[in-house]
Amino acid sequence: MSKKLVYEPHPELAAGAHVKSLSEYRALYAKSIEEPREFWGEVAKQFHWETPIDPEKFFSYNFDLKKGPVFVKWLDGASTNICYNLLDRNIRNGLGDKIAFYWEGNDPEDYSRLTYKKLLQEVCKFGNVLKARGVEKGDRVAIYMPMILELVVAMLACARIGAIHSIVFAGFSKDSLAERMHDCQAKVLITADFVYRGEKLLKLKDICDAALEGCKKMGHEVETCVVVKHLSRLSASISANNNKVNGVNGSSQDVEWVEGRDVWWHEEMEEASDFCYPVWVSAEDPLFMLYTSGSTGKPKGVLHTTGGYLLYAATTHKYVFDYKPGDVYWCTADIGWITGHTYVVYGPLANGATSVIFEGTPFYPSNDRFWSVIQRYKVNQFYTAPTAIRALMKFGDEPVKKYDLSSLKVLGSVGEPINPEAWYWFYNLIGGEKCSISDTFWQTETGGHVITPLPGATPMKPGSATFPFFGVIPELLSEEGELIEGEGEGYLVFKQPWPGIMRTLFGNHERFESVYFSRFPGYYCTGDGARRDADGYLWITGRVDDMLNVSGHLMSTASVEALLTEHPSVAEAAVVARPHATKGECLYCFVTPNQGVEFSDTLVKELKQSVREKIAAFAVPDVIQYAPGLPKTRSGKIMRRILRKIAVNDRNVGDISTLADESVVEALFKNRPES
């Protein structure tokens, strides 16, 4: 397997790319920084503005609390409608009969497709349903849905009528959903009756009923709950078991019903008109809010606005994936997360793309599902998470080799820094040594990619997010706030806003300023650490609270995890800090071996020796524990908060309802080595 320090883009890919060389990237980047009005003004020309953009009000901001309240404004005074730009504009440009989405369900036999023209009709009808239920411009609509086409319809219908959607990942607990609906004062909730994840049936409507009751007890009553009848159309799964799946009948009688509040999606849509005139909104009017975890435990409602987000979603999708008309693009993220918002829905549709939406899991009905989907739809750009890549690596190369993946041109990675071993496997086996890998760094708050390679231009270093995207100025700061020039490691901050950055936290601008702008006045603080190498490449070292201080040496958990997973016997690793009487902190490591590999004293010794040799003696872990699995959310994010509790044998782990497999926690406690 090829293992180099630097990988040049494949010449054939570079020759046809939007940006063909590093020098071309640097010229465009310089223009985006020095002349932001001209750079983003060119991008804006492709979209419709009902009220024209005023050049004098194109861009203004303040990041320095010492100078007054923090604010960001792009295209202030212009008006538009993002749904109009994603659908009507593309249809007027001749794309009405083009496939907007291929949908593939949990079962490979459940699939459908939706053209731009049909999507617009469905969006208009549901927009009218929402209006009939009293939803107006500025109202909040909560969405708790599986990865089905109605989710996209619901989002765009909200955007069409000027409502603000607040999507909650349909894996969160009833309490989490209730808290979010209460915080945003949702007027309507949209959900489905049931959904499958692999062989597991989830009763979404039951969860919503409990959440609606919880929200009511908090003092806010949601007026309407719209329910998609999803189970009854899972034809292949249901008919295989005499219209019963795990004992649940596919009829409407299976869900509890509150008359006057609950309505069926299909019944509401029957009488709705398929014409819905778009509500023209200001470029700085809210488009959506999306909750992200807060350090205090209370979720933060990150608010994104319309005009700037449209420009940034479209531009990052086009350049980071080198998307071109005719390509088939697939992002595996759930729409309940920011990746799904920007790179399943808004970005691709803004570019008139054909995308795949996938409801299932990589492992059902077998562990070759991803490769099967790529072959079936001849996917050109494939965007997924390192967690999924590492999980699939455990099954070896054979499940991949059964499929033709030659259509692939660009591979994307999102969610965390991809460790080099996973990068090599992704590049060599999945990409056939010809695909560029876009290892993207960004956050819910940034709205889109902020540090990323460009497929035809950027020489890739496995594990590095490389260079900033257009309009983004990253800096590294010391603990004292001093600028780190050249090589070095510190806090990753940004000096000025790009169009897609969040504008505030819903209903709490003071918290917005405190969390992101008080630590280093004049900068947006990401909460992540990074290092810059001699070539100017940026390497994300993880959340600042995932940094360890061992005997006075500052180090990141990500670097140790990457080293541990380089061992041929290791599938996954997670590292946390544990208090140490002498060192202050020591490393406590959780290691999942590859399938068929025994966790042994020999393996532990080899791993410790590897850390000693490749990092330093002070970095050698005090504990390496066998982990049959790691505590992950359904989106694949490792919950290190729980691992820190296990490391100190504290069983007060808090809420674990968002974990994909709650039993992992008890298994890890049982496997703790005696200390």
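Bear in mind that the values here come from a model prediction, so they are computed numbers and not experimental data.

### Observations concerning the overall build of the protein chain
When you go through the protein chain residue by residue, the secondary structure sums to 21 helices and 32 strands. Over its C-alpha trace the protein chain gives a radius of gyration of 24 Å, about what one expects of a compact globule, namely 26 Å for 675 residues. A principal-axis box enclosing the C-alpha atoms of the protein chain has dimensions of 70 × 65 × 50 Å. In the protein chain, which comprises 675 residues, the share counted as buried stands at 62%. Pairs at least 24 residues apart make up 72% of the contacts formed inside the protein chain by residues separated by at least 6 positions. Carbon and sulfur atoms make up 48% of the accessible area of the protein chain, which totals about 25700 Å².

### Details of the layout of surface pockets
Empty space among the atoms becomes apparent when a probe as large as a water molecule is rolled across them. One number sums up the size of the second largest pocket: a volume of about 420 Å³. Mapped by element, the contributors of at least two residues to the lining of the second largest pocket are strand E5 (111-115), helix H5 (116-132), helix H6 (149-161) and helix H10 (265-270). Each residue belonging to the lining of the second largest pocket can be placed in one class, and the counts come to nine nonpolar, three polar and seven charged.

### Notes on the nonpolar core
As a rule of thumb, soluble globular proteins bury nonpolar side chains together. One finds Leu119, Phe126, Leu156, Met181, Ile190, Ile335 and Tyr346 to be the most contacted residues of the largest nonpolar core, which totals 155 residues. By residue number, the principal contributor to this core is H6, which donates 11 residues. Setting aside its immediate chain neighbours within four residues, Phe126 contacts Val153, Ala154, Ala157, Ile190, Val226, Trp265 and Met269.

### Some remarks on helix H14 (residues 386-393)
One turn of an α-helix holds 3.6 residues; hence residues three or four places apart share an orientation. Across the eight residues that make up H14, a large majority, seven, are buried. Three or more residues of H14 are buried, namely Pro386, Thr387, Ala388, Ile389, Arg390, Ala391 and Leu392. For H14, the elements touching its buried residues are helix H13 (369-377), strand E20 (381-384), strand E21 (410-413), helix H16 (420-430) and strand E30 (570-580).

### Quick word on the side chain of Asn380
Locating Asn380 in the fold gives a position in the loop between H13 and E20. Discounting chain neighbours no more than four positions away, the residues touching Asn380 are Gly326, Asp327, Val328, Ser407, Leu408, Lys409 and Val410.

### Things to note about the packing of H14 against H16
Relative orientation of the contacting elements H14 and H16 amounts to 75 degrees, with a least axis distance of 10 Å. The angle between the axes of H14 and H16 places the two elements in the roughly perpendicular class. In this structure, H14 uses Ile389, Arg390, Leu392 and Met393 to contact H16, whose residues at the interface are Glu421, Ala422, Trp425 and Phe426. For the contact of H14 with H16, the per-class residue count stands at six nonpolar, no polar and two charged.

### Here's the deal with the sheet that holds strand E32 (residues 623-626)
Reading across the sheet, the three strands line up as E30-E31-E32 and stay open at both edges, with mixed pairing between neighbours. Two strands bound the open sheet, and with one partner strand each, they are E30 and E32. Put simply, the sheet's adjacent strands are angled 25 degrees from each other on average, direction ignored. Relative to strand E31 (residues 584-593), E30 runs antiparallel, the two sharing 10 bridges. Pairing of Arg578 across the sheet is with Cys586, part of E31.

### A short note on the sheet that holds strand E19 (residues 354-358)
Spatial ordering of the open sheet is given by E5-E4-E19-E18-E20-E21-E22, a layout of seven strands whose pairing is mixed. The sheet is open, and its two edges are formed by E5 and strand E22 (436-439), each paired on a single side. The average undirected angle you get between the axes of adjacent strands in this sheet is 20 degrees. In this sheet, E21 lies alongside E20 in parallel orientation, the contact comprising four bridges. Note on E21: the bridge partner recorded for Phe382 is Leu411. The sheet contacts of helix H12 (residues 338-350) involve strand E4 (99-104), strand E18 (328-331), E19 and E20, and relative to E18 the element is tilted by about 165 degrees. Contacting E4, E5, E18, E19 and E20, H13 crosses the sheet at an angle of about 145 degrees to E4.

### Description of the state of the cysteines
Put plainly, a disulfide is one covalent bond tying together the sulfur atoms of two cysteines. Scanning the model with the defined rule gives zero disulfides in all. Free cysteine: Cys331, not disulfide-bonded; nearest cysteine sulfur from Cys435 at 16 Å. The exposure class of Cys331 is buried, given its relative accessible area of 2%. Free cysteine Cys586: the closest other cysteine sulfur is in Cys589, separated by 9.1 Å. Note on Cys586: relative accessible area 1%, which makes it buried.

Cut-offs and rules
- Residues numbered from 1 in each chain as written.
- Predicted model: local features only at pLDDT ≥ 70, side-chain atom pairs only at ≥ 80, totals over all residues.
- Heavy atoms only, no water.
- Helix = DSSP H or I, 4+ residues; strand = E, 2+ residues; numbered from the N terminus.
- Rg over C-alpha atoms; globule rule 2.2 N^0.38 Å.
- Buried < 20%, exposed > 50% of the residue type's maximum accessible area, 1.4 Å probe, protein only.
- Contact = heavy atoms within 4.5 Å.
- Areas by Shrake-Rupley, 256 points an atom, 1.4 Å probe, with all protein chains shown as cover.
- 1 Å grid on protein atoms, 1.4 Å probe; cavity = no way out; pocket = protein on both sides within 12 Å on 5 of 7 lines; lining within 4 Å.
- Points joined across faces, edges and corners; volume = space filled by probe spheres on them.
- Nonpolar A, V, L, I, M, F, W, Y, C, P; charged D, E, K, R; others polar.
- Core = buried A, V, L, I, M, F, W, Y, C linked by side-chain atoms within 4.5 Å.
- Axes fitted to C-alpha atoms, helices over the stretch in contact; angles between N-to-C directions.
- Parallel < 35°, antiparallel > 145°, perpendicular 65-115°, else oblique.
- Pairing = 2+ DSSP bridges.
- Disulfide = S-S within 2.5 Å.

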